[in-house]
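# Residue-level structural notes
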Amino acid sequence: LAQVALELSQRFGRERQAVADQSLVVERVRRELASVRQNASEIQEQVASLRSHVTDGTCLLCGHDHGTLEELLLAIERRLGQNEALLQVSEQWTQASNKLEELKESQRLIGEQLQQVVLEKTESAGVRAALLRERAAFDATLATVGLQFSDGLSVQLDALIAQAKGAQEQVSAALEVARQA
């Protein structure tokens, strides 16, 4: 159990670091997403304003001559296509957030496993202590009759039984002699 607890503790530490690292990634992507959203919003406002004032191919924002009104509007549409970056960053944020949640769940499960192992380890220590107390009491009881708890206990008990039988036979023989006399 000590080895399992150590391994789970190390794994928990690695998961905690992974959660911290992923939290940083999620925060970075969140900031990027906010920046891209702000830029997209500004572009939308500028395009709306620009369309209402455009009469030829010259951009009122930068002064570039696109030739025709249609070319200018195509350039504006291409610029609006940069909103795709917003979608990509948004997808990255979603993926990073999902991964963070998975890591947090994994960390939670490892924490629960670690708590369970620590609980089992504590319970095992209590059981071991109780068994040691029982053995000490058993040793003390055996010592009162001259025995010692060991692998040779059965040999000791056989010798004690043989002595008791020998003593019983002697007493029986002495009683028989006393009866006949």
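Preceding block: the structure.
Residues numbered from 1 in each chain as written. Predicted model: local features only at pLDDT ≥ 70, side-chain atom pairs only at ≥ 80, totals over all residues. Heavy atoms only, no water.

## Examining the overall build of the chain
A tally of regular secondary structure across the chain gives 4 helices and 0 strands. The N-to-C order of helical and strand elements in the chain reads α-α-α-α. The C-alpha radius of gyration computed for the chain amounts to 44 Å, which surpasses the reference 16 Å derived for 181 residues by more than 25%, pointing to a less compact arrangement than a globule. The proportion of buried residues among the 181 residues of the chain is 20%. By sequence separation, contacts in the chain at least 24 residues apart represent 62% of the contacts at least 6 residues apart. Counting only carbon and sulfur atoms, one obtains 56% of the accessible surface of the chain, whose full area is about 13,100 Å². Computed over 19 positive and 26 negative side-chain charges, the separation of the two mean positions in the chain equals 6 Å. (Helix = DSSP H or I, 4+ residues; strand = E, 2+ residues; numbered from the N terminus. Rg over C-alpha atoms; globule rule 2.2 N^0.38 Å. Buried < 20%, exposed > 50% of the residue type's maximum accessible area, 1.4 Å probe, protein only. Contact = heavy atoms within 4.5 Å. Areas by Shrake-Rupley, 256 points an atom, 1.4 Å probe, with all protein chains shown as cover. Lys, Arg positive; Asp, Glu negative; His and termini not counted. Charge placed at Lys NZ, Arg CZ, Asp CG, Glu CD.)

## Some words on the environment of Gln 88
Mapped onto the fold, Gln 88 is located in helix α3 (residues 83–144). Taking the relative accessible area as the measure of exposure, Gln 88 reaches 49% and is therefore partly exposed. The spacing of Gln 88 and Glu 77 is 11 residues in sequence and 18 Å in space, taken between C-alpha atoms.

## With respect to the pattern of salt bridges
Taken as a whole, this structure holds 6 salt bridges when the rule is applied. The salt bridge partner of Glu 112 is Arg 108, with a shortest N-O separation of 2.2 Å. Taken together, the positions of Glu 112 and Arg 108, both in helix α3 and 4 residues apart, correspond to about one turn of that helix. Taking relative accessible area as the criterion, Glu 112 reaches 40% and is therefore assigned partly exposed. Judged by relative accessible area, which is 39%, Arg 108 ranks as partly exposed. Arg 179 is paired through a salt bridge with Glu 176; the nearest N and O atoms lie 3.7 Å apart. Note that Arg 179 and Glu 176 are positioned in helix α4 (residues 153–180) at a spacing of 3 residues, about one turn of the helix. Accessibility expressed as a relative area gives 36% for Glu 176, which makes it partly exposed. (Salt bridge = Lys/Arg side-chain N within 4 Å of Asp/Glu carboxyl O.)

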